[in-house]
Amino acid sequence: MTTRPFRFGVVAGKAPGGEGWTALAHRAERLGYATLLVPDTLGTFAPFPALAAAAAVTTTLRLGTYVLSAPNRTSGQVAWEADTLRTLSAGRFELGLGTGCGRSAASPVAPAS
């Protein structure tokens, strides 16, 4: 449990490139934000690689999925990727799960079988 009664976070999913993305993560940490959350929608970076890149350039910023669309991945795949990210981030990863927003332009690819 944190000693802070309330945390502020950043929700972001896109930047002009890798350097811009890592700069965004570093800036969020420097400004005192507690978390960086990445949505799981088309038009944004894939959450796990984006969070791994952010983990590599930060030390205190918590990193998480902003409602990972669970039907689009097998449970084994989610567990594998979440465990890897938890390890690479020294325990700073937070997994947010959901059912997604349906089959629209904003949702990821077809559900995993």
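Residues numbered from 1 in each chain as written. Predicted model: local features only at pLDDT ≥ 70, side-chain atom pairs only at ≥ 80, totals over all residues. Heavy atoms only, no water.

S.K.: Can you explain helix α3 (residues 75-88)? Please cite residues and give values.
M.R.: Here α3 contains 14 residues, and its C-alpha end-to-end distance of 20 Å stays within 8% of the 20 Å for a straight helix at 1.5 Å per residue. Residues of α3 that are buried include every one of V78, A82 and L85, and no others. Down the axis of α3, the buried side of the element spans an arc of 65°, and every buried residue falls inside it. In α3, the exposed positions that point more than 90 degrees away from the buried face belong to W80 and L88. (Helix = DSSP H or I, 4+ residues; strand = E, 2+ residues; numbered from the N terminus. Expected span 1.5 Å × (residues − 1). Buried < 20%, exposed > 50% of the residue type's maximum accessible area, 1.4 Å probe, protein only. Arc of directions from axis to C-beta.)

S.K.: Please provide a residue-by-residue account of unusual backbone geometry, values included.
M.R.: Positive phi, normally seen in glycine, also occurs at V67, with a value near 60°. Take V67: it is sitting in the loop between β3 (62-66) and β4 (68-69). A positive phi angle, close to 60°, is found at A90, a residue other than glycine. As for its position among the elements, A90 is in the loop between α3 and β5 (93-94).

S.K.: Which residues make up the pairing of strand β2 (residues 35-39), and what are the values?
M.R.: Across the five residues of β2, five count as buried, placing the element largely inside the fold. The alternating pattern of β2 places T35, L37 and P39 on one face and L36 and V38 on the opposite face, and all of these are buried. In terms of strand pairing, strand β1 (residues 9-11) meets β2 through three bridges, oriented parallel. Bridge pairing links G9 to T35 in β2. Bridge analysis of β2 against β3 gives five bridges, and the strand direction is parallel. Bridged to P39 within β3 is Y66. Taken together, β2, helix α2 (residues 47-57) and β3 form a β-α-β motif whose crossover is right-handed. (Pairing = 2+ DSSP bridges. Right-handed = clockwise from strand over helix to strand, strands pointing away.)

S.K.: Could you give an account of the nonpolar core, with specific residues and numbers?
M.R.: Membership of the largest hydrophobic core comes to 20 residues, with the highest contact counts inside it found for W21, L36, L51, A54, L61, L63 and F93. Of all the secondary structure elements, the ones that give two or more residues to this core are α1 (18-30), β2, α2 and α3. If one sorts the elements of this core by residue count, α2 sits on top with five residues. Non-local contacts of L36, meaning those with residues more than four positions away in its chain, are made with V10, A12, W21, L24, A25, L51, A54, L61, R62, L63 and G64. (Core = buried A, V, L, I, M, F, W, Y, C linked by side-chain atoms within 4.5 Å. Contact = heavy atoms within 4.5 Å.)

Nothing here speaks to function; it is all geometry.
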